[in-house]
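One letter stands for each residue in the lines below.
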Amino acid sequence: MFSRSYSNFLDLASGDPPTFGRGEKRFPRVKTVAGVLSELDDENSNSVSSDAPSSVTQERIIIVGNQLPLRAHRRAEGEGGWYFSWDEDSLLLQLKDGLGEDAEVVHVGCLKEEVDPSEQDSVAQTLLETFKCVPAFLPPELHSKFYHGFCKQHLWPLFHYMLPLSPDLGGRFDRSLWQAYVSVNKIFADKVMEVISPDDDFIWVHDYHLMVLPTFLRKRCNRVKLGFFLHSPFPSSEIYRTLPVRDEILRALLNSDLVGFHTFDYARHFLSCCSRMLGLSYQSKRGYVGLEYYGRTVSIKILPVGIHMGQLQSVMNLPETESKVVELRDQFKGQIVMLGVDDMDIFKGISLKLLAMEQLLLQHPDKRGKVVLVQIANPARGRGKDVQEVRSETSTTVERINEKFGRPGYKPVILIDTPLQFYERIAYYIIAECCLVTAVRDGMNLIPYEYIICRQGNERLDETLGLDLLVPKKSMLVVSEFVGCSPSLSGAIRVNPWNIDTVAEAMDSALRIPDPEKQLRHEKHYRYVSTHDVAYWARSFLQDLERACRDHVRRRCWGIGFGLGFRVIALDPSFRKLSVEHIVSAYKRTKNRAILLDFDGTMVLHSVSTNPNTDAVRVLNSLCRDPKNVVFLASGKDRKKLSEWFSSCENLGIAAEHGFFIRENNDAVWETCKPLSNFDWKQVAEPVMQLYTETTDGSFIETKESALVWNYQYADRDFGSCQAKELLDHLESVLANEPVSVKSGQHIVEVKPQGVNKGFVAQRLLAKMQQKGMLPDFVLCIGDDRSDEDMFEVIMSARTGSSFSSVAEVFACTVGQKPSKAKYYVEDTGEILRMLQGLALASEQASRNSSQDAKPAIIIRE
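Conventions we followed
For every chain, the first residue of the written sequence is number 1, and numbering continues from 1 onward in sequence order. Two thresholds apply to this predicted model, a pLDDT of at least 70 for residue-level local features and 80 or more for giving and counting side-chain atom pairs, whereas whole-chain, interface and lining totals are computed over all residues. The side-chain quantities take in all heavy atoms of the structure and omit both hydrogens and water. Going along the chain from the N terminus, every DSSP run of H or I of four or more residues is numbered as a helix, and every run of E of two or more is numbered as a strand. Relative accessible area decides the class of each residue, using a 1.4 Å probe on protein chains only: under 20% of the type maximum gives buried, over 50% gives exposed, and in between gives partly exposed. Residue contacts follow a heavy-atom distance rule, with two residues in contact if any of their heavy atoms lie within 4.5 Å. In short, Shrake-Rupley with a 1.4 Å probe defines the accessible areas, and a residue's cover is counted only from the protein chains shown. Each Phe, Tyr or Trp ring (for Trp, its six-membered ring) is paired with any other whose centre lies within 6.5 Å, and the angle between the two planes then decides the class: stacked below 30 degrees, edge-to-face above 60, tilted in between. Throughout this description, the term charge over a ring refers to an Arg CZ or Lys NZ atom that lies within 6 Å of the ring centre and within 35 degrees of the ring normal. What a helix should span is 1.5 Å times the count of its residues minus one. Strands qualify as paired when DSSP identifies two bridges or more between them. Between the N-to-C directions of two axes lies an angle of 0 to 180 degrees, each axis being a line fitted to C-alpha atoms and, for a helix, fitted only over the stretch in contact. Two N or O atoms form a polar contact when they lie within 3.5 Å of each other; inside protein one atom must be a possible hydrogen donor and the other a possible acceptor, and for residues adjacent in sequence the pair counts only when both atoms belong to side chains. This arc is taken over the directions from the axis of the helix to the C-beta atoms.

Asks: Before we move on, can you summarise the overall build of the protein chain with the specific residues and values?
Replies: Of the regular secondary structure elements, the protein chain holds 28 helices and 32 strands. When each of the 862 residues of the protein chain is scored for burial, the buried share is 55%. For the protein chain, long-range pairs separated by at least 24 residues make up 73% of all intrachain contacts whose partners lie at least 6 apart in sequence. Carbon and sulfur atoms make up 49% of the accessible area of the protein chain, which totals about 38,000 Å².

Spelled out as structure tokens, the structure:
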């Protein structure tokens, strides 16, 4: 399997990534179990990334999850082998309804049952042929470390806001468990590679068990069409940043094309983590949120998952359901049933719900004997001390409430902690007047959705319950505000589950609300849930994934980095890396050269406020001494500081304060780009900036002769950005009638006279060369931020006029890969310095050669 992660970076420096032709050999649509990876590792197999979409095969969706949507049963001893069937309750199976009837779906994941190594090959072949499922077989010890270790001891508690402050609370970080997690994700990547056709297939990875899988897939197929959906909460940056492998997981998720979340809060936390920990910014374009990551746009999807309507309705039609409804109706005759359905774990808030029920019965004695709370406690998915504690606390609380308020024939709380059949749970939904979800933290929770659909019922159930078919249905929900489904249920009573009193009041309100209002709330909820089912969710996600991958074919991609630091650089075909060899070659061929360099962020890093290093000054001096060169340095800094720093560069032209002050060389006087005007506007702008400086820790004001700059590079990234937007609006408002412009840049907000920009510097440079009778045949312009785009625009537009030689070599170059009017890019300031050193060396060599040619020949006669 060929990867574009290079060990030879000379190829990368050339600006032309290697050509990956479309070979004769393609991946088969489905691989079998043995000997596959050796074929994938063949370096002659070049079909993993192509320059054109395949027209041979049809698009296919590979669904990857921790568990396959299958049930496995070992046959009787005499028969031997295994029996497999679809797990109709699995979300990964249900989502197929949104992919279309003709869609080909392949599932990759683990089986719930352990299969002996001697049977694994035959089982894998059976699953592939019968179900189009590819099983990942994990050794028991590795699986335990992966699932019960890293997933359940580290990720699950942390993502639910539980910090490991002591060994009992989630467990301290264990490097061996992390290594097991990474190893399992690699195994899943191997399994995906057995079946993938990279040019045609879409891959959809699910949940926190496989968060680093996108990196392994992207490393093997740079243009893979990859989506990831997180079904758990994503914590705030203050919580997430405590994870020792926080950067590795974030970068792995960013190797996806689309990352999905249930709610805006979860997406906002993820974006905040990317901003604070990786320095990435995000923006919204036409309703889509995207992160720019090494030339790729990683899209963010916000959509809660839905339920499978067909499955619920089919179960409601079963005779067993009708019989169970009749049984429960008779059991709770004359009583109002409130229902809770939760897994037995610490985040579901079962004990808080029970305490609220106790409070309700204390404050409203009239409810005793009339209201019953049925709490269905599903078996816990994890294991450990915390599960035992929850089970013990729940049982103890139920016993206490029943002893306190119970009487013959009446138990206020009925705890069902044994597994129920699905139709039995449906029956409880149907007869319950109110459903309570008081989880303290939950990713989504589909219980309220199921309850709403079941309360809508059907004609048979209505007849069984003696309901008038013409009367609208009703339902009531009390939902924790910390549950993912809460934002979508606008008619529910939202509560803080930690506040027992308010939960009890909400329970009372749910019972007292008049029927017409209950009907209106139910109608609103039913309309939403029935139209936003699991098929709608899957269809919407796949549509956005197709949109996010639309540009894959026309982008030039290659990978850099090692291990979990791997990422793919994606560039527009017209946007190329500027190589040293290319520009030095052009430099040597030309005679009239214009060199225009930005200073901040180009010659030195933005964070550096000290003098430029001696190497940079020496290189500039060398370039200025070449009579074929005209060199200008453009900066936002003041002229006094620049004059001091570059006093040794006699022939260097300097533009200070973004071109307001210009000096052609050391002996020339400073000129202004426009007649000096009064700067009374500073008396208006400075107090406003001072106000924001006082309220934004880490910000400061730079006072220049022609401008004022508010700098927030040392402030909190999110707060500083927010304050900058406010300051920009504030200044634009108070300075509306002044001859100034207010601009935002990299960590700054600047006020300067109108018409002052670096484009004027570029125009001045070209005019100076024309005055000297020099028609530029080599132009190099380098900058790093928004203020330098004016230079690029002038340089690129001058190509079509008479300012340049007809054979001029023009290099407009930006620092870093980002949208720009420049046609070239370099990685960083170090690369710029090396490139300028190459040009200076070429000038020195040409000077020495010229001196040697000019020496008179000495002839010695005998």
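There is more to say, and it comes next.
Asks: Tell me about the packing of aromatic side chains, residues and numbers included.
Replies: Applying the stated criterion to the full structure yields 32 aromatic pairs. When the ring of Phe-150 is compared with that of Phe-173, the centres are 6.3 Å apart and the planes differ by 80°; the resulting orientation is edge-to-face. With a gap of 23 residues between them, Phe-150 in helix 5 (residues 140–159) and Phe-173 in the loop between helix 5 and helix 6 (175–195) connect regions that are remote in the sequence. For Phe-150, a relative accessible area of 0% corresponds to the buried category. Assessed through its relative accessible area of 27%, Phe-173 is described here as partly exposed. Look at Phe-261 and Phe-270: their rings are 5.3 Å apart centre to centre, the planes differ by 40°, and that puts the pair in the tilted class. Of the two residues examined, Phe-261 and Phe-270, each falls in the buried class. The rings of Phe-146, Phe-150, Phe-173, Trp-178 and Tyr-181 are connected pair by pair, giving a single aromatic cluster. Over the face of the ring belonging to Phe-202 we find Lys-225, whose NZ or CZ atom lies 4.5 Å from the ring centre. Lying across the ring of Tyr-288, Arg-547 places its NZ or CZ 3.5 Å from the centre.

Asks: Help me get a handle on helix 10 (residues 264–278), residues and values and all.
Replies: Along its 15 residues, helix 10 runs 20 Å from first to last C-alpha, staying within 8% of the 21 Å computed at 1.5 Å per residue. With respect to burial, helix 10 is a largely interior element, eleven of its 15 residues being buried. Residues of helix 10 that are buried: Tyr-266, Ala-267, His-269, Phe-270, Leu-271, Ser-272, Cys-273, Cys-274, Ser-275, Met-277 and Leu-278. Following helix 10 by one or two positions, Gly-279 has its phi on the positive side, about 70°.

Asks: Account for the sheet that holds strand 11 (residues 296–302), with residues named and values stated.
Replies: Read from one edge to the other, the open sheet built from nine strands follows the order 5-4-1-6-7-8-11-10-9, with strand pairing classed as mixed. The open sheet has two edge strands, strand 5 (133–135) and strand 9 (282–285), and neither has a second partner. Neighbour-to-neighbour, the strand axes of the sheet open up by a mean angle of 25°, direction not taken into account. The sheet contact formed by strand 4 (residues 104–110) and strand 5 spans three bridges and is parallel. What sits directly across from His-107, in strand 5, is Cys-133. Seen against the sheet, helix 7 (residues 213–220) touches strand 1 (60–67), strand 6 (201–206), strand 7 (225–229) and strand 11 and runs at an angle of roughly 180° to strand 7. Contacting strand 1, strand 6, strand 7, strand 8 (258–261), strand 10 (288–293) and strand 11, helix 20 (residues 534–548) runs over the sheet at an angle of about 125° to strand 6.

Asks: Requested: an account of the environment of Met-796, with residues and values cited.
Replies: On the secondary structure map, Met-796 appears in helix 27 (residues 789–798). Residues Met-796 and Cys-781 lie 15 residues apart in sequence; the distance between their C-alpha atoms is 10.0 Å. Ignoring anything within four residues of it in the chain, the contact list for Met-796 reads Val-810, Ala-812, Lys-821 and Lys-823.

Asks: Talk me through the environment of Asp-442; I want residue IDs and the actual numbers.
Replies: Along the chain, the position of Asp-442 falls in the loop between strand 15 (434–437) and helix 16 (447–456). With a relative accessible area of 6%, Asp-442 lands in the buried category. As for Asp-442 and Pro-233, which are separated by 209 residues in sequence, their C-alpha atoms are 6.6 Å apart. For Asp-442, the contacting residues outside a window of four places in its chain are His-160, Pro-233, Tyr-266, Lys-348, Phe-482, Val-483 and Gly-484. Side-chain polar atoms of Asp-442 contact the side chain of Lys-348, separated by 2.7 Å. There is a polar contact of 3.0 Å between the side chain of Asp-442 and the side chain of Asn-445.

Asks: Tell me about helix 4 (residues 120–131), residues and numbers included.
Replies: Counted at 1.5 Å a residue, the expected span for helix 4 with its twelve residues is 16 Å, and the 16 Å between its end C-alpha atoms agrees. The complete set of buried residues in helix 4 reads Val-123, Ala-124, Leu-127, Leu-128 and Phe-131. In an axial view of helix 4, the angular spread of the buried residues amounts to 130°, which keeps them on one side of the axis. Among the exposed residues of helix 4, those oriented more than 90 degrees off its buried face are Asp-121, Glu-129 and Thr-130. Of the surrounding elements, those touching the buried residues of helix 4 are strand 2 (70–74), strand 3 (82–86) and strand 5. Downstream of helix 4 by a residue or two, Lys-132 has a phi angle that is positive, lying close to 55°.

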